[in-house]
Amino acid sequence: MLAAAAVCPCPPLLVPPVAAGAAPELDGARAACTDALGVLAAARPDLLVVVGPAEQSGRGPHPQGARGSFRGFGVEVDVRLGPERGPAPERPLPPSLAVAAWLLERTGWSDAPIEGLGVGEPLEPERCIQTGRDIAARAERVALLVMGDASACRTLKAPGYLDERAAPFDAEVARALGAADVAGLRALDAELAYELKASGRACWQVLAGAAEGADLGGSLLYEDAPYGVGYVVATWS
């Protein structure tokens, strides 16, 4: 059963060497992510599953010890998803899970075994829900670290340009995540999320499936749109 969840954004800019001179702009988001991971540790889970958006090559399971890198962003920073257990898997982590691995390394996670799951953004809501149910059934106390960004259309300079639908969409996402509203996450419009370039939709609906019947309460720790992209940090416990 799901014991706790943390929701964090996944821009590589969270990693200070990637952000370089702009790193202080996301200090608030980094601090909120650290607090969110503290909630996961306090839940004393038997298993931590990290879920994040992924392109085709990064979809599917990533075992503990899987490696990721930010060398594609021009910095020599490598990460690993928890301590190694045997030979390191050859398939690299997708960027979203590499950001999660960096956050976990930064906070010294050692509280439970870790697994990663890359989720394709187009995954249908019902399949997301079922994936979440399956994850929650994996152990008596499961924790989820859910990576993903809201819309990328909040300003003229945003990656997706300005879309007037973006701010209301992000507001509903932040409300649902902050309130641990399972029904609200299930109801997110997959087509609208795609049009607004919201990478987190499928992962949030995985969370909704995992949280069915868990009766968790939510807390919104951070919500902002630097660079015109919606970033949300929340906890469920």
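The structure we're discussing is the one just above.
Everything numeric here is computed off the predicted structure, so don't read it as measured data.

Help me understand unusual backbone geometry in this model?
Among all residues save glycine, negative phi is the norm, and among peptide bonds the norm is trans. Of note, the phi angle at Tyr-161 is positive, near 65 degrees, even though the residue is not glycine. The topology assignment puts Tyr-161 in the loop between strand 7 (142-147) and helix 5 (166-178). One non-glycine residue with positive phi stands out, namely Lys-197, at about 60 degrees. Looking at the secondary structure, you find Lys-197 in the loop between helix 7 (190-195) and helix 8 (201-210).

Can you help me understand the side chain of Asp-163 in this one?
Structurally, the position occupied by Asp-163 is in the loop between strand 7 and helix 5. If we ignore the near neighbours within four places in the chain, the residues touching Asp-163 are Cys-153 and Leu-196.

Which parts of the structure should I look at to understand the pairing of strand 2 (residues 47-53)?
Most of strand 2 is tucked away: seven of the seven residues are buried. Judged from the five bridges that link them, strand 2 and strand 7 form a sheet pairing that is parallel. Residue pairing across strands places Leu-48 opposite Ala-143, the latter belonging to strand 7. Strand direction decides the pairing type here: strand 2 and strand 6 (residues 114-119), joined by six bridges, are parallel. From the neighbouring strand, Val-50 faces strand 6, where its bridge partner is Gly-116.

Would you mind showing me how to read the environment of Leu-207 here?
Tracing the backbone shows Leu-207 in helix 8. Spatially, the C-alpha atoms of Leu-207 and Thr-131 are 8.9 Å apart, while their sequence positions differ by 76 residues.

Can you walk me through the sheet that holds strand 9 (residues 231-236) in this structure?
Sheet strands associate in pairs through backbone hydrogen bonding, adopting either a parallel or an antiparallel arrangement. Sheet architecture is open: seven strands sit in the order 3-6-2-7-1-9-8, paired in mixed fashion. Edge strands, defined here as strands with exactly one partner in the open sheet, are strand 3 (60-62) and strand 8 (218-224). Taken over all neighbouring pairs, the strand axes of this sheet differ in orientation by 20 degrees on average, direction set aside. In the packing of helix 3 (residues 95-106) onto the sheet, contacts are made with strand 1 (2-8), strand 2, strand 3, strand 6 and strand 7, and the angle to strand 2 comes to roughly 140 degrees. Docked against the sheet, helix 8 engages strand 1, strand 2, strand 6, strand 7 and strand 9, running at close to 160 degrees with respect to strand 7.

Cut-offs applied
- Residues numbered from 1 in each chain as written.
- Predicted model: local features only at pLDDT ≥ 70, side-chain atom pairs only at ≥ 80, totals over all residues.
- Heavy atoms only, no water.
- Helix = DSSP H or I, 4+ residues; strand = E, 2+ residues; numbered from the N terminus.
- Contact = heavy atoms within 4.5 Å.
- Buried < 20%, exposed > 50% of the residue type's maximum accessible area, 1.4 Å probe, protein only.
- Pairing = 2+ DSSP bridges.
- Axes fitted to C-alpha atoms, helices over the stretch in contact; angles between N-to-C directions.

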